[in-house]
Each structure stands twice: as structure tokens, then as C-alpha cells.
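Tertiary structure, described
Listed below, chain by chain, are the residues.
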Amino acid sequence: MNFDLSKKTLREVNSYLQNIDLKSNQRDFVIKNPLGNHALCAGLQDEIKVTIKGHVGYYCAGMNKKAEVTIEGNVGTGVAENMMSGLVHVKGNASQSAGATGQGGTLVIDGDASSRCGISMKGINIIVKGSVGHMSAFMAQSGNLVILGDADEYLGDSIYEAKIYCLGKVKSLGADCIEKEMNDKEIKHLSALLEAQNIKADPKKFKRYGSARSLYNFKIDNVSSY
Amino acid sequence: MCGIVGIYLKNKKYNKQLGKLLTGMMNNMASRGPDSAGFAIYNKSSKFKYTVCLQKNFELKNLKKILKSKLTNTKYKLIADHVVIETSSKPEKTIPILKNIQDIDLVGYGKSIEIFKQVGNPKDVVKKFSLDKFSGSHAIGHTRMATESAITTDGSHPYSTGEDECLVHNGSLSNHNNLRRSLIKDGIEFKSQNDTEVAAGYISNSLKNKTSLKETLTNGLKDLDGFYTFITGTQKGFAVLRDEIACKPAVIAETKDYVAIASEFQAMAHLPDVNKADIYEPKPGIVYSWGS
């Protein structure tokens, strides 16, 4: 089913996609002419596939649950923010705060993500094929941020228990973020993340970063809850 | 919030449509700044152009009467409450004369620049000044959500504090009072309490001392404290700078025919061939410039 945002309003399109008639078999949707609109595909909660043909604005696919959203263009601030589950795939570049506070699901960005990618992430997997901007994974609590390119300044500042894997150069690490051992368990873990997205990269070549656990009250007894 | 937009034409293909392209950009940024709007259009002339804003009850004929014996070779273009005075009289002579007329405000001057700004929703402001009819080589626009100073014409962007210079700003500066005091000592004049006018004055003061625009903006990174995305226009083009934290958005779209910059992509969605454009965000703390 096709929607054309130059003919239909944003509210009409979002409302349709947020209230899928489960008795119908229609599960594939294409949105044309997104024209940089904000909050497109926010709050989707069913297992549907949506392809957006063009560039979108802020908070695209925010709060996503179960849906698979592909954006054939660039996205503005906060793509897939607070995502719960599902998959969001950006074929272009992403602006700042991509995947912010994401609780689950996977966000794949084929291009670059700018500053604060994965800020306060809480369980989401974020894979950036290009580079990330400054202060990425700021206060990241859990989940995985995989970067195939480089990372700008203050990577992982004030990080909790999220894991960062970076293939390229890291300009600088933020407060309480340190390089950690890339042991067999980690290589296996990263390998599974890459394979799930059909990404051909050698997991052994990545470096891993995480919390030095000196800024917050980390208790080893609670490690299973991250 | 505030919305900022700019378009620089790399060749003459779209010169006649410059105003039309900027109109769409400004309209789409109305939601980011509903309080006032303004724009600067660069269209090179052989004479000097002075844009003035007429105050209530003061008409063009009154202005003509005053200036008749004082300026030479003069033409007037009235658009809403703004008048562009084209004359061969040089700034050293003309500016003191214009500043002495109580019922007008000088908004900007130069050989290329024309500036129009007014309070009200940007969609109404661009209509009032018939922006879609303008042609030129490059243009900059602003839609304002007021934070630092009152909603007045003086508080509206763009700010022009030097010949063919202008500045629009999304953000807020925290050291503008101190900086204003030191710039006044250097002979820069200010009309408002606005923070952006201080940044414009800072740039003019530096350019006056023969520092390049790129170096001026790079020095600005340490001298201007606050949040900002700036677009600063000169006779030849414009430059863009974001502060190092980069909370204020900006996106650039570049094709073989033009470079456009805006707070959000939405402002550029209507531009020709934008889907084939190279689209990227200016990195924090780096000066990007075209033409200048």
C-alpha cells in the first residue's frame, strides 16, 4: 500500500500505520514524498514493514515497537528515539541523538551519525556503518553501539553498562570510559551482532570500550540486570 | 528555537528565482520562529544601496523631500514600510545623513545587500515584502522565536553592522553584554539589546581590521560564549559556523547549481533536484564558506 505525503497529511498516514487492522493482510507500506516531515512513523506497534522514499525530519520511527522501518534517505534528530523493539534502517546519514534512550530493537545507519548517537541508550543495538559525532553513547546504560568508522570526541562519556565496539579511530574517550579487553566472548558477541545484519567485517579488528565504573555506584551483584 | 536559512547560487541558472526559493524556505521555517522574520538579498549594483525602515506616519515623499538636496543620482524603491535608496553618494557621506532622520531606521547598506525585516508570522512577512519577486546571487533568512530581547523590528534578524555584511543566528549568547561594552569602545554602534547584534558587531569589527571571514569566525569560537549556528553573509557569499557543542541544528544541501543551508531539511524539501543533492550536517566548530 502506498502513501504520498504530498497528498495526504502526516497525521492521516501516522494514524493509519499506528492502528493497523489486524484482520487485513496488508503489512507492507511505502511512503513517498516525506519532504522532511517530523515524527513520521512514530509510535508504530505492529509487525509491519514500512519503506520511506526520501529524507525525513526529526524523531522518525520514535518509540517503535515490532515494526521494520527503512528510510531511503537521511534522517533528522532522534531517529528511533526510545525504540522498544523492531528494526529501523537508515540508508543515508543520521542527525544527532540517533537511537536516544532506545530500550530494544536494532537501529542500522548505513552512513554517518552525528553527535550524541546512542545518548542514554537502554538496551538498543545501534550499528553505524560510517562514523559517529562527538559525545556518542553519552550516559549509555545498556545495549551495544557498533561503529564501523571513526568516533569523534568524548566517546562514552559517563557511560554505565552499555558496550561500544569501534573499528576506526576514536578521537577521545569521555569521562569514565576506558578501552576494555576484546576476549573470545566479546568477539562472539560482536560477531552475532554483525551477522544478524549481514555485515562483513572482522570482529577481531574492533576495539571495545566501556565503563571504568568509577563515576557511579556499580555493584557486581547487580551485573545481571544490565 | 528560531529558524535560519540561506541559499548561495553557484551559477546564474536560478538568479531570477532566488526570492521564490527563499520564500519556500522561510515559509517552511515559520513554525520554528513565529514572532518575526527577515531576509537579506544580495544583488550586485554599480551604486550604493541603503535599506531603511520607515516609521509610522512617515511617508516616502517626506523622505524624498529631505534627501533631495543631500544625495546625488538617487532612486527609490518602496516595498511595504521599507525603502531601498540607490545612490552614487558614498557611505561616509550618506550614513550620517540617514542616521539624522528620526523617523527612519537604517537596516543595512552596501553595493549588493538589501535587508527587509518585520514583526509577525514569517509567512505574512515574506508576502508583505513580495520576497518571491526578488532576484540575486545569494540570500539569507531568519524566522525568530524571541528569547533574548523584545519582539520589535530592531530585535529581528538579519543584523547588519557593516557594508554588505549580515548575520542570522539560531541560539543564544551569554557574554554579549560584556562584549558589547568592549565593542562600543572600538567604535561599533548598537541599536538594540539583542545578543545577535553583538555577534554581528564582533564580526564587523574584526573584518574592519582586515582579518579574513574564516579567521574571524574561528576566533569567534573562543570569544563568543553560548549556543549558536550562525550564517554570515558578505558581498561574495556566506559562511556557516556551529558552536562546539552543536545543540543548534543545521543541514546543508549542495548541488552543482546551489548550496542551501537550513535549520531543518524540511526548509529545503522543495528546492530543485534536492533529492540528488549532497546532504550533510556542518561539523561543530568548523567554518564552512562559499563564495567568500
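Residues numbered from 1 in each chain as written. Chains lettered and ligands numbered in written order. Predicted model: local features only at pLDDT ≥ 70, side-chain atom pairs only at ≥ 80, totals over all residues. Heavy atoms only, no water.

**With respect to the overall build of chain B**
- When helices and strands are tallied, chain B shows seven helices and 15 strands.
- Structurally, chain B occupies a C-alpha span of about 50 × 40 × 35 Å along its principal axes.
- Considering chain B as a whole, with its 292 residues, one finds that 58% of them fall into the buried category.
- Once local pairs closer than 6 in sequence are excluded, the contacts in chain B between residues at least 24 apart make up 71%.
- Carbon and sulfur atoms form 49% of the exposed surface of chain B, whose accessible area is close to 12300 Å².
- Averaging the positions of the 41 positive and the 30 negative side-chain charges in chain B gives two centres separated by 7 Å. (Helix = DSSP H or I, 4+ residues; strand = E, 2+ residues; numbered from the N terminus. Buried < 20%, exposed > 50% of the residue type's maximum accessible area, 1.4 Å probe, protein only. Contact = heavy atoms within 4.5 Å. Areas by Shrake-Rupley, 256 points an atom, 1.4 Å probe, with all protein chains shown as cover. Lys, Arg positive; Asp, Glu negative; His and termini not counted. Charge placed at Lys NZ, Arg CZ, Asp CG, Glu CD.)

**Here's the deal with the sheet that holds strand β11 (residues 238–242) of chain B**
All names here are of chain B.
- Taken in spatial order, the four strands line up as β9-β10-β11-β15 in an open sheet, and their pairing is antiparallel. The open sheet has two free edges, formed respectively by β9 (166–173) and β15 (288–290), since each of these has just one partner strand. Across the sheet, the mean angle separating the axes of adjacent strands is 10° when strand polarity is ignored.
- The sheet contacts of helix α6 (residues 195–208) involve β9 and β10 (226–233), and relative to β9 the element is tilted by about 130°.
- In this fold helix α7 (residues 213–223) packs onto β10 and β11, with an angle of close to 15° to the strand it touches most, β11. (Pairing = 2+ DSSP bridges. Axes fitted to C-alpha atoms, helices over the stretch in contact; angles between N-to-C directions.)

**Some thoughts on the domain arrangement of chain B**
Residues and elements named next belong to chain B.
- Annotation of chain B at the domain level lists domain 1 (3–44 + 119–290) and domain 2 (45–111).
- Using C-alpha coordinates to define each centre, domain 1 is positioned 24 Å away from domain 2.
- In this assembly, 14 residues from domain 1 lie in contact with 18 residues from domain 2.
- Of all residues in domain 1, Lys-44, Phe-129 and Glu-163 bury the most surface against domain 2, accounting for 36% of the area lost on that side.
- A salt bridge links Lys-99 to Glu-189; its shortest N-O distance comes to 3.2 Å.
- Seen at the junction of domain 1 and domain 2, the total is six residue pairs in polar contact (both at pLDDT 80 or more).
- Looking at the side of domain 1 that touches domain 2 residue by residue, the classes come out as two nonpolar, five polar and seven charged. (Domains from an automatic or database assignment. Buried area = accessible area lost by both parts, 1.4 Å probe. Salt bridge = Lys/Arg side-chain N within 4 Å of Asp/Glu carboxyl O. Polar contact = N/O pair within 3.5 Å; in protein donor to acceptor, adjacent residues only side chain to side chain. Nonpolar A, V, L, I, M, F, W, Y, C, P; charged D, E, K, R; others polar.)

**Notes on the domain arrangement of chain A**
- Per the domain assignment, the segments making up chain A are domain 1 (1–111) and domain 2 (131–226).
- The C-alpha centroid of domain 2 of chain A is placed 26 Å from the C-alpha centroid of domain 1 of chain A.

**Section: the sheet that holds strand β11 (residues 207–211) of chain A**
Residues and elements named next belong to chain A.
- Spatially, the eleven strands line up as an open sheet ordered β1-β2-β3-β4-β5-β6-β7-β8-β9-β11-β10, and their pairing is mixed. At either end of the open sheet lies a strand with only one pairing partner, and these are β1 (2–4) and β10 (177–180). The sheet shows a mean angle of 15° between the axes of neighbouring strands, direction not considered.
- Both strand β8 (residues 142–147) and strand β9 (residues 163–166) contribute to a ladder of four bridges, which runs parallel. Looking at β9, one finds that Leu-145 is bridged to Ile-164.
- On the sheet, helix α1 (residues 10–18) packs against β1, β2 (28–32) and β3 (49–53) and is oriented at approximately 170° with respect to β2.
- Docked against the sheet, helix α2 (residues 184–196) engages β7 (122–128), β8, β9 and β11, running at close to 75° with respect to β9.

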